[in-house]
Amino acid sequence: MNVLTVVCDVCWMKEHLVKTWEQMSEQVYTFFYPGMAKWHEGNWLNTRDIEAQRLLEKIENITQASQIDLIFCVVYDDFFTPALCEKLGAFGIPLVNYHVDTDTQWYRCLRSARYFDLIGVAYKDYYEQLAALTDVIYLPMAANCDVYRPLNYVQKEIDVLFVGSYDIERERAMSAIAEVADSVVVYGSGWDRSVPIKARVTVKYPIEKYVNDFKYYLLPRIKVEGIGRIFRKRKINATEDFPPYSGKLGGYLADEAFVSVVNHSKIVVGINQRFGSIGDPNGCVSGRLRDFEVPACGATYLAQRYPELDVLFQEGRDIEGWSTLEELQYKITYYLNHEAEANALALNAREKVLRDHTWKHRFDLILKRLQRNTRIKKQTSELTYPKKHDRLAVLS
């Protein structure tokens, strides 16, 4: 099986997605595109056209000498416009997209969705909206357990670790944790106390992006989400109701450094309050890639609860969950004082990821769904796509 991956040139996509396809395939070709960060530079529309042409030329060059059996993408409409999708369809290669932000950016594939043979979604939010356009499969995040793994003979000198970019609710949680734990460490961008909070959390885009989003997404979002939900904002200056976090800070962690720091920590905490305040039943909490990376490292993990968490892990056996700061403080105190139970959680977590939550598990589901869909098409219609069917036969 020969696979072309179309992904952003970012570490997690290379370490998790590309490397797993390399393990599962005879040949993997990779096309890295700049990603949506180019919107910040104000020249994305021109860059997008250049990248689209570069992608088409790469596919043309590969298929002249070999064969591509599957194109696996992590893309938005910002790159995969309908015009580009039409040209890709002419190659007759099965096209799969993995949408990793359906909890908050579900609409960014509305224009291109119908061109994909399958879209995998990392969250169940807005599943129905995308399923009305093409075949959709629920594929939560996972881990590459060859990279994210336990290390031998390490001393756990950190009581509580958090790894993630700055956010007001994350600081609120870390401030609460620092009240009950001695050695608390935070790694991630945006935690520089010399920079005002608003400057750390505000992202500025050029007018072209706002025009693009209003043109293509405003009406669908109003219809599905409602105006109030679209324009909701998190308070970013409300620091007076809790003491600022004053514990140790670190910078960005590369994968190997991340694995080492996690292994040196007694407890790792997950904090992912998307909207609203921690503990607010009307707020929004969703999962993170960390929910799989940390357990894969064999660490004791306390995850902020979200709807799918109890489906992915058994709370109290594989990981622990928390919903309020009081519960978070209680469980941190408990597991710092009950080392054997914390170690049992960590061991079970690693086993659970190995058993159910590797990227190979996810990609196997993709291949099975494509094979099933091909059989259905062959059985129900003579107007099939022989080029795609020939390639999908390779996947069986």
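Here's a quick rundown of the structure.

Parameters and conventions
The numbering scheme is per chain: residues are counted from 1 as the chain's sequence reads. It should be noted that, the model being predicted, local features are given only for residues of pLDDT at least 70 and side-chain atom pairs only at 80 or more, the latter also being counted only at that level, while totals for whole chains, interfaces and linings use all residues. Water and hydrogen atoms were dropped before computing side-chain values, which therefore reflect all heavy atoms in the structure. Helix and strand labels come from DSSP, where a helix needs a run of H or I of at least four residues and a strand needs a run of E of at least two; each type is numbered from the N terminus. Think of it in three bands: residues with accessible area under 20% of the maximum for their type are buried, residues over 50% are exposed, and the middle band is partly exposed, with areas taken using a 1.4 Å probe on protein chains only. Any pair of residues with heavy atoms lying within 4.5 Å of one another is described as a contacting pair. Residue exposure ignores everything except the shown protein chains as possible cover, and the areas themselves are Shrake-Rupley values with a 1.4 Å probe. Pairing between strands is defined by DSSP: at least two bridges between the two strands are required. Angular values range over 0 to 180 degrees, each being the angle between N-to-C directions of two axes fitted as lines to C-alpha atoms, with helices fitted over their stretch in contact. For Phe, Tyr and Trp, rings pair up if their centres lie within 6.5 Å, where Trp contributes its six-membered ring, and each pair is then called stacked (planes under 30 degrees apart), edge-to-face (over 60) or tilted (otherwise). Definition used: whenever NZ (Lys) or CZ (Arg) falls within 6 Å of the ring centre and also within 35 degrees of the ring normal, the charge is taken to sit over that ring. Here a cavity denotes grid points, spaced 1 Å and computed from the protein atoms alone, that fit a 1.4 Å probe unable to get out, and a pocket denotes an open set having protein on both sides within 12 Å along at least 5 of 7 lines; residues with an atom within 4 Å of a point are the lining. Grid points are joined across faces, edges and corners, and a volume is the space filled by probe spheres set on the points. Throughout this description, the term nonpolar core refers to a set of buried Ala, Val, Leu, Ile, Met, Phe, Trp, Tyr and Cys residues connected via side-chain atoms within 4.5 Å.

1. Overview of the overall build of the chain
Consideration 1: The secondary structure content of the chain amounts to 15 helices and 14 strands.
Consideration 2: The buried share of the chain, taken over its 396 residues, is 52%.
Consideration 3: The contacts of the chain with a sequence gap of at least 6 include a subset with a gap of at least 24, amounting to 71%.
Consideration 4: Here the chain has roughly 18,300 Å² of accessible surface; of this, 51% comes from carbon and sulfur atoms.

2. What about the sheet that holds strand S4 (residues 95-99)?
Consideration 1: Taken in spatial order, the 6 strands line up as S2-S1-S3-S4-S5-S6 in an open sheet, and their pairing is parallel. Since the sheet does not close on itself, it has two edges, and those belong to strand S2 (27-33) and strand S6 (136-138), each with one partner. Averaged over all adjacent pairs, the angle separating strand axes in this sheet is 20°, with direction ignored.
Consideration 2: The pairing of strand S5 (residues 118-121) with S6 spans 3 bridges and is parallel. Across the sheet, residue Gly-120 finds its bridge partner in S6, namely Ile-137.
Consideration 3: Together, strand S1 (2-8), S2 and strand S3 (70-73) form the strand contacts of helix H1 (residues 11-24), whose direction differs from that of S1 by roughly 175°.
Consideration 4: The strands touched by helix H2 (residues 44-65) within the sheet are S1, S2 and S3, with S2 carrying the most contacts at an inclination of about 165°.

3. So, the packing of aromatic side chains
Consideration 1: Within this structure, the stated rule accounts for 21 aromatic pairs.
Consideration 2: Taken together, the aromatic side chains of Phe-31, Tyr-33, Trp-44, Phe-79, Phe-80 and Phe-116 make up a single cluster linked through ring pairs.
Consideration 3: Between Lys-14 and the ring centre of Phe-32, over which it is positioned, the NZ or CZ distance is 5.6 Å.
Consideration 4: One cation-aromatic arrangement involves Arg-111 over Tyr-216; the distance from NZ or CZ to the ring centre is 3.6 Å.

4. Thoughts on empty space enclosed by the protein
Consideration 1: The full count for this structure, using the stated rule, is 2 cavities of 30 Å³ or more.
Consideration 2: In this structure, the largest cavity spans a volume of roughly 50 Å³.
Consideration 3: Estimated volume of the second largest cavity: approximately 40 Å³.
Consideration 4: Lining of the second largest cavity is provided by Gly-270, Ile-271, Asn-272, Val-285, Ser-286, Gly-287, Arg-288, Asp-291, Tyr-301, Ala-303, Gln-304 and Tyr-306.
Consideration 5: When residues in the lining of the second largest cavity are grouped by element, the largest group, 3 residues, is from strand S13 (residues 301-304).

5. Description of the sheet that holds strand S9 (residues 248-250)
Consideration 1: With parallel pairing, 6 strands are arranged side by side in an open sheet as S9-S8-S7-S10-S13-S14. The sheet is open, and its two borders are formed by S9 and strand S14 (320-322), each paired with just one other strand. For this sheet the average axis-to-axis angle between neighbouring strands, irrespective of direction, equals 25°.
Consideration 2: Contacts from helix H12 (residues 325-336) reach strand S7 (158-163), strand S10 (265-270), S13 and S14, with the element oriented near 150° to S14.

6. What to know about the nonpolar core
Consideration 1: Core analysis: the biggest nonpolar cluster contains 88 residues, and Val-6, Phe-72, Phe-79 and Phe-80 have the highest contact counts within it.
Consideration 2: The greatest single-element share of this core, amounting to 6 residues, is contributed by H2.
Consideration 3: Contacts of Phe-80, omitting those with residues within four sequence positions, involve Val-6, Leu-55, Cys-73, Val-75, Cys-85, Leu-88, Leu-95, Ser-112 and Phe-116.
Consideration 4: By size, the runner-up hydrophobic cluster in this structure holds 27 residues, among which are Ile-168, Met-174, Val-184 and Tyr-335.

7. A short note on the environment of Leu-4
Consideration 1: Tracing the sequence through the fold places Leu-4 in strand S1.
Consideration 2: Taking the C-alpha atoms as reference points, Leu-4 and Phe-31, separated by 27 residues in sequence, lie 7.3 Å from one another.
Consideration 3: Beyond its immediate chain neighbours, meaning those up to four positions away, Leu-4 contacts Tyr-29, Thr-30, Phe-31, Leu-55, Lys-58, Ile-59, Ile-68, Leu-70, Ile-71 and Phe-72.

8. Comments concerning the environment of Met-13
Consideration 1: Turning to its location among the elements, Met-13 is positioned in helix H1.
Consideration 2: Note on Met-13: relative accessible area 5%, which makes it buried.
Consideration 3: Through-space distance from the C-alpha of Met-13 to that of Val-74 is 8.7 Å; in sequence the pair is 61 residues apart.
Consideration 4: Ignoring any residue separated from it by four or fewer positions in sequence, one finds Met-13 in contact with Val-7, Cys-8, Val-18 and Val-74.

9. Observations regarding the pairing of S1
Consideration 1: Burial within S1 is extensive, with 7 of its 7 residues counted as buried.
Consideration 2: Pairing analysis gives 4 bridges linking S1 to S3, with the strands arranged parallel. Residue Val-3 lies in a different strand from S3, and its bridge partner there is Leu-70.

10. Some details on the environment of Leu-370
Consideration 1: Here Leu-370 shows up in helix H14 (residues 359-380).
Consideration 2: For the pair Leu-370 and Val-96, spaced 274 residues apart in sequence, the C-alpha separation works out to 9.2 Å.

Interpretation in functional terms is not warranted from these geometric data alone.
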